[in-house]
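Below are the chains, spelled out letter by letter.
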Amino acid sequence: MRKWIPLAAVCLGAFMLLVDVSIVNVALPDMSADLHSSFTSLQWVVDIYALVLAALLMVCGSLGDRLGHRRLYLAGLVVFAVASLVCALAPDAATLITARAVQGVGGAAMMTSTTALIAGAYQGRDRGTAFGVWGAVNGAAAAVGPVLGGLLTDQFGWRAIFVVNLPVAAVALAMTLGKGLALPRTAHTAGGRVDLAGAVSFTAFAAALVYGLIESGARGWGSGVVLGSLAGSALALVVFVVVELRVGRPLLDLSLLRGRTFTGLLLGGLLLSAAAFAELTYTSLWLQQALHLSPLNAGLAVSPMAATAFVVALATGRALHRFPPQLPIGIGLLLIGTGTLLLTAVSSTSGWTALLPGMLVTGVGVGLSTPMLMATALASVAPQRAGMASGALNTSRQLGYALGIAALGTIFQQHAHGGSARTAFAAGLHPVFLTAGLTGLAAGALVLTLVRRPHAPTPAAPIATSAPAGTPVDSAAH
């Protein structure tokens, strides 16, 4: 059993990351009441984590290829744990948001390292088993996160959702460094500079775009701040492209985008996160502030999606690699779109059970589409580009989550009007679910059109699930 200790160490870190993505949503109302924060601040508590992940994942993938993924994983684990402690002690919303951003730094370092560490530690059938266990743990974390968050918030307060990370991180660190149990050192490229210009320009692009979308809800689209942010985002994107075309060791080799499969996977990952997960932030607020459910019951109400995704992925993961990858990914995305459209049935008189049909269908779609995303992306590039490909796909997923929360939050604010809380929430959620559903359908059509089986053999698909970003997977995803 000693050979599986490295897998356990990696899985603990992944579990912590994914739980931390989904655990926050059900605690938002209590955070708001305790810290006296605004709706925009609540958006940033969730979004800043995903934004930093999206901004740094490619940087960390590049660092891992150059410095070694084990070293990067350990550093990320320590940073994430320290930031979690600061989150738990935060006296105000600004401190909490800042600490969440630092969590994202640690999470990015860990997230890009997990698949490379598993691939380096195991070969042959053991590698397939390891990826299956890793994916199953991710799925369990995504399913348990909302319930665990609700339980901890109910019993100990919202700060406990961050405190719980500390013992998990301590155990993972001990297992990683333990004598005779340590993760193997992965191969890395010696020397070379990290593409700092690319990192800065991409971070500026993502940050300005998310900021503009979030502020548009409060300031309006005609605001100079909003227009300036969006213009700055476009300019930063142009700079990023120019930099990547000129540097010798780019953050993202843009030639990879010439391949329709890799491009289709990036688009699919981005739109999947926006369609399947971003609306859960506002669904959780509806459950607690309009229906007055406790955090625990709100967590239970949204858990069917992740639980279904876990079961579907577990049941089908071994067989999915036999099919052309565009089928499980594309059909899964179409189901995500269909399931989210079913959520438009929520009205001012609805109870939490109105969510069930849509959550279950969406969960099936997530369980079908997510497992093949990473496996196909890694198979579509040369082995020495594995870190870059992993970072790019996880970046697209986290960026999709961050943009989804920002854009859907703006839509929610613009439409959430009415006499009672139930009426206002229903009016705001209907266009949110409609937009997310149409996004899922568009993503499915794009994947079915662009993605094809890579020429290289596709590795056994990990049974990944819903995290975001963020999940964190990655989330999920968080």
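Up top is the structure.
Here the structure is a predicted model, which means the values were calculated and not measured. (Residues numbered from 1 in each chain as written. Predicted model: local features only at pLDDT ≥ 70, side-chain atom pairs only at ≥ 80, totals over all residues. Heavy atoms only, no water.)

A.B. asks: So what exactly am I meant to see when it comes to a nonpolar patch on the surface here?
C.D. replies: There is a patch of nonpolar side chains on the surface, built from Val78, Val82 and Val86 and spanning about 220 Å² of accessible area. Tracing the backbone through its elements, the reader meets Val82 in helix H4 (residues 69-89). (Patch = residues over 30% accessible without salt bridge, like charges linked within 9 Å, V, L, I, M, F, W, Y side chains within 5 Å. Areas by Shrake-Rupley, 256 points an atom, 1.4 Å probe, with all protein chains shown as cover. Salt bridge = Lys/Arg side-chain N within 4 Å of Asp/Glu carboxyl O. Helix = DSSP H or I, 4+ residues; strand = E, 2+ residues; numbered from the N terminus.)

A.B. asks: How should the pattern of salt bridges be read in this particular structure?
C.D. replies: Here the idea is simple: oppositely charged side chains can pair when their charged atoms come close. This structure, assessed with the given rule, holds 3 salt bridges. Notably, a salt bridge pairs Asp20 with Arg100, separated by 2.9 Å at the nearest N-O pair. Residue Asp20 is located in helix H1 (residues 5-25), and its partner Arg100 is located in helix H5 (residues 93-121); the two are separated by 80 residues in the primary sequence. On the accessibility criterion, Asp20 (0% relative accessible area) is buried. Here Glu215 ties to Arg219 by a salt bridge, and the two come within 2.8 Å at their closest N and O atoms. Of the two residues, Glu215 and Arg219 are both situated in helix H9 (residues 196-219); the distance of 4 residues between them amounts to about one turn of the helix. (Buried < 20%, exposed > 50% of the residue type's maximum accessible area, 1.4 Å probe, protein only.)

A.B. asks: Would you take a moment to explain the environment of Ala375 for this structure?
C.D. replies: By the secondary structure assignment, Ala375 is in helix H15 (residues 356-379). Using a relative accessible area of 3% as the deciding quantity, one classes Ala375 as buried.

A.B. asks: In this structure, what is going on with helix H8 (residues 165-177)? I would like to understand it.
C.D. replies: Side chains that are three or four residues apart share a direction in an α-helix, a result of its 3.6 residues per turn. Over its 13 residues, H8 runs 18 Å from end to end, which matches the ideal 18 Å to within 8%, given 1.5 Å per residue. Buried within H8 are the following residues: Asn165, Ala169, Ala172, Met175 and Thr176. Mapping the buried residues of H8 onto a view down its axis gives an arc of 130°, with all of them on the same face. The secondary structure elements touched by the buried residues of H8 are H1, H4, H5 and helix H7 (160-163). (Expected span 1.5 Å × (residues − 1). Arc of directions from axis to C-beta. Contact = heavy atoms within 4.5 Å.)

A.B. asks: I keep staring at the nonpolar core and nothing clicks. Help me out?
C.D. replies: Most often, soluble globular proteins keep nonpolar side chains buried together rather than apart. Among the nonpolar cores identified, the biggest contains 134 residues, and Val24, Met31, Leu96, Phe162 and Trp286 are the most heavily contacted of them. Element by element, the count of residues in this core is highest for helix H3 (residues 39-67), at 15 residues. Ignoring any residue separated from it by four or fewer positions in sequence, one finds Leu96 in contact with Met31, Leu35, Val45, Cys87, Ala90, Trp158 and Phe162. (Core = buried A, V, L, I, M, F, W, Y, C linked by side-chain atoms within 4.5 Å.)

A.B. asks: What is the right way to read the layout of surface pockets from this model?
C.D. replies: The gaps left among the atoms become clear once a water-sized probe is rolled over them. Counted as a void, the second largest pocket has a volume near 380 Å³. Contributing to the lining of the second largest pocket are 18 residues, with Phe202, Leu252, Leu257, Leu266 and Leu270 lying nearest its centre. For the lining of the second largest pocket, the elements supplying multiple residues, two or more each, are H9, helix H10 (224-246), helix H11 (260-276) and helix H16 (386-415). Ranked by residues supplied to the lining of the second largest pocket, first place goes to H16 with 5 residues. (1 Å grid on protein atoms, 1.4 Å probe; cavity = no way out; pocket = protein on both sides within 12 Å on 5 of 7 lines; lining within 4 Å. Points joined across faces, edges and corners; volume = space filled by probe spheres on them.)

A.B. asks: Looking at this structure, how should I read the packing of aromatic side chains?
C.D. replies: The geometry of an aromatic ring pair is captured by two quantities: the separation of the ring centres and the angle between the planes. Under the counting rule described, the total for this entry stands at 10 aromatic pairs. Arranged with centres 5.8 Å apart and planes meeting at 55°, the rings of Phe202 and Phe205 form a pair that is tilted. One end of the pair, Phe202, and the other, Phe205, are both in helix H9, 3 residues apart, so they sit about a helical turn from each other. Phe205 shares its class with Phe202; the two are buried. Here Phe412 and Phe425 contribute two aromatic rings whose centre-to-centre distance is 5.5 Å and whose plane-to-plane angle is 50°, an arrangement assigned as tilted. Taken together, the residues Phe412 in helix H16 and Phe425 in helix H17 (residues 421-450) connect sequence positions 13 residues apart. (Phe/Tyr/Trp six-rings, centres within 6.5 Å; stacked < 30°, edge-to-face > 60°.)

A.B. asks: Any chance you could explain the side chain of Thr281 here in plain terms?
C.D. replies: Counting through the fold element by element, Thr281 comes out in helix H12 (residues 280-290). One polar contact links Thr281 to Asn25, side chain to side chain, over a distance of 3.2 Å. Excluding its chain neighbours within four sequence positions, the residues that come into contact with Thr281 are Asn25, Leu28, Val46, Tyr401 and Ile405. (Polar contact = N/O pair within 3.5 Å; in protein donor to acceptor, adjacent residues only side chain to side chain.)

A.B. asks: Teacher, can you tell me more about the environment of Ala354 here?
C.D. replies: Mapped onto the elements, Ala354 comes out in the loop between helix H14 (326-342) and H15. Given the relative accessible area of 19%, Ala354 is considered buried. Linking Ala354 and Arg125, residues 229 residues apart in sequence, is a C-alpha distance of 43 Å.

A.B. asks: Got a minute to help me understand the packing of H3 against H4 in this structure?
C.D. replies: A pair of packed helices is captured by two measures, namely the crossing angle of their axes and the spacing between those axes. Contact pair H3 / H4: the axes reach a minimum separation of 9 Å and the direction vectors enclose 150°. On the basis of their axis angle, the class for H3 and H4 is roughly antiparallel. Contact residues: H3 offers Tyr49, Cys60, Gly61, Leu63, Gly64, Asp65 and Leu67, while H4 offers His69, Arg71, Leu72 and Phe80. Taken together, the residues of the contact of H3 with H4 sort by class into 6 nonpolar, 3 polar and 2 charged. (Axes fitted to C-alpha atoms, helices over the stretch in contact; angles between N-to-C directions. Parallel < 35°, antiparallel > 145°, perpendicular 65-115°, else oblique. Nonpolar A, V, L, I, M, F, W, Y, C, P; charged D, E, K, R; others polar.)

These figures come from the coordinates and say nothing about function on their own.
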